[in-house]
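# Working through the structure, step by step
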Amino acid sequence: MIFVNYKAYEEGSGQKAVALTRILEEVAHLSQVKIVPVVQVIDAESIVSSTSLEVWIQHVDPVSFGPHTGWTLPEEAARIGVAGVFLNHSEHKFDNFDALYTANKKAFEANLKTLIFAGDLEELKKICELAPTFVAYEPPELVGSTTISVAQAKPEVISEASEVAKTKGIPLVVGAGIHSRDDIKKSLELGAVGVAVATDIVKAVDPAKELLDLTEGFK
Ligand code: G3P
């Protein structure tokens, strides 16, 4: 599977986000690879209503209904048809482990799937204790790279991460700098079930071509 993180890129915002999701859906259909758009909260409802793909958002907060100005409620994400949520991305980390624990718990209670990011093995081990739907290993220093991927730079860490995740029965996703079918092949060989990618697709001149190329890594 491929999670495509739209981040706050202009190419992944508003009507452009809806158009990009159409491309993801076409490629998912052509390749038969599961592709998940991970969109901004503000675009989620219009994207959910325009696609048959499972739609995720990039963050929820550890709160329920109440006086929480500017926070995102797991319940409301679920109500508009969002299927899952990223938590603890290196660009949106929780201040402390308790807040992450609560966000994951509340997301589950709202029937959202969760993917929690770890920047290293130590963090990954702690995160596995929270039993998210997926755990992801993304070394922050490689996020946004267009030349060096996690699969190229950290193969031994992916292997170890996959062992850790496997003992807990949690599927492992890897990300950071993913930009080729070989990155995906390698990641799967090392034990990941899929990848998270942003720049290579969202900022591509031809996102359909790039994404179709990545799906070849699953064959
Ligand atoms: O969530 C995936 C993302 O952080 C990876 O970003 O730009 O390195 O593909 P990028």
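Okay, so let's go over this structure. In this text, all values refer to a predicted model and were calculated from it rather than measured experimentally.

## Looking at the site of the ligand
Every one of the 14 residues lining the ligand counts as a neighbour, but His-89, Glu-138, Gly-144, Gly-177 and Thr-199 are closest to it. Gly-177 places a polar main-chain atom, nitrogen or oxygen, 2.8 Å from an oxygen atom of the ligand. Taken together, the residues of the shell around the ligand sort by class into seven nonpolar, five polar and two charged.

## Focus on the nonpolar core
One finds Ile-2, Val-4, Tyr-6, Ile-35, Leu-124, Tyr-137 and Leu-172 to be the most contacted residues of the largest nonpolar core, which totals 61 residues. A per-element tally of this core places helix α1 (residues 14–31) first, with six residues. Apart from residues lying up to four places away in sequence, Leu-172 is in contact with Leu-124, Val-135, Tyr-137, Ile-158, Ala-161, Ser-162, Ala-165, Ala-192, Val-193 and Gly-194. Judged by nonpolar contacts, the second largest core, of 13 residues, contains Phe-3, Val-36, Phe-86 and Ala-196.

## Quick look at the packing of aromatic side chains
This structure, assessed with the given rule, holds six aromatic pairs. Ring centres of Trp-56 and Phe-134 lie 6.1 Å apart, and the angle between their planes is 55°; on these two criteria the pair is classed as tilted. Residue Trp-56 is found in strand β3 (residues 56–57), and its partner Phe-134 is found in strand β6 (residues 134–137); the two are separated by 78 residues along the sequence. Each member of the pair, Trp-56 as well as Phe-134, is classed as buried. Its end group placed over the ring of Phe-97, Lys-126 keeps NZ or CZ at 4.7 Å from the ring centre.

## Description of the packing of α1 against helix α10 (residues 207–215)
Contact geometry for α1 and α10: axes closest at 10 Å, N-to-C directions at 35°. The handedness of the crossing between α1 and α10 comes out as right-handed. Across the interface between the two elements, Leu-20, Ile-23, Leu-24, Val-27, Leu-30 and Ser-31 from α1 touch Pro-207, Ala-208, Leu-211, Leu-212 and Thr-215 from α10. Considering only residue class, the contact of α1 with α10 consists of nine nonpolar, two polar and no charged.

## Some words on α10
Burial in α10 covers these residues: Pro-207, Leu-211, Leu-214 and Thr-215. The buried residues of α10 occupy one face: seen down the axis, they fall within an arc of 100°.

## As for the pairing of strand β5 (residues 113–118)
Burial within β5 is extensive, with five of its six residues counted as buried. In this structure, β5 lies alongside β6, joined through four bridges in parallel fashion. Within the sheet, the bridge partner assigned to Phe-117 lies in β6 and is Ala-136. The β-α-β motif built from β5, the intervening helix α5 (residues 121–128) and the parallel element β6 has right-handed crossover chirality.

## Points about α5
Within the span of α5, buried status applies to Leu-121, Leu-124, Ile-127 and Cys-128. For α5, the buried positions fall inside an angular range of 120° around the axis, keeping them on one side. Of the residues that open α5, the one with a side-chain oxygen 3.3 Å from the backbone nitrogen of Glu-122 is Asp-120.

About the thresholds
Every chain's residues receive numbers from 1 upward, in the order its sequence appears when written. Totals for whole chains, interfaces and linings use every residue, but because this is a predicted model, local features are given only for residues with pLDDT of at least 70 and side-chain atom pairs only at 80 or more, for both listing and counting. Hydrogen atoms and water are omitted, and side-chain values are computed over all heavy atoms in the structure. Only heavy atoms are used to decide nearness, and a residue is near a molecule or strand if one of them lies within 4 Å of it. Pairing of N or O atoms within 3.5 Å defines a polar contact, subject to two protein rules: one partner must be a possible hydrogen donor and the other a possible acceptor, and residues neighboring in sequence count only if both atoms are side-chain atoms. Here the term charged refers only to Asp, Glu, Lys and Arg, the term nonpolar to Ala, Val, Leu, Ile, Met, Phe, Trp, Tyr, Cys and Pro, and the term polar to all other amino acids, Gly among them. In this description, a nonpolar core means a group of buried Ala, Val, Leu, Ile, Met, Phe, Trp, Tyr and Cys residues linked to one another through side-chain atoms lying within 4.5 Å. Only protein chains enter the accessibility calculation, which uses a 1.4 Å probe; a residue is then buried when its area is under 20% of its type maximum, exposed when over 50%, and partly exposed in between. Starting at the N terminus, helices and strands are each numbered in turn, a helix being any DSSP run of H or I of at least four residues and a strand any DSSP run of E of at least two. Residue contacts are counted whenever heavy atoms from the two residues lie within 4.5 Å of one another. What counts as a ring pair is set by centres within 6.5 Å for rings of Phe, Tyr and Trp (its six-membered ring), and what kind of pair is set by the plane angle: stacked under 30 degrees, edge-to-face over 60, tilted for all other angles. Charge over a ring is defined by NZ of Lys or CZ of Arg lying within 6 Å of the ring centre and within 35 degrees of the ring normal. Structural elements are reduced to axes, namely lines fitted to C-alpha atoms, with helices fitted over the stretch in contact, and the angle between N-to-C directions of any two is expressed from 0 to 180 degrees. Here a crossing is called left-handed whenever its near helix is offset anticlockwise from the far helix by less than a right angle, and right-handed whenever the offset is clockwise. As used here, the arc belongs to the directions running from the helix axis to the C-beta atoms. Strand pairing is assigned whenever DSSP detects at least two bridges linking the two strands. Place the viewer so that the strands point away; then a crossover is right-handed whenever the path from the first strand over the helix to the second strand goes clockwise.

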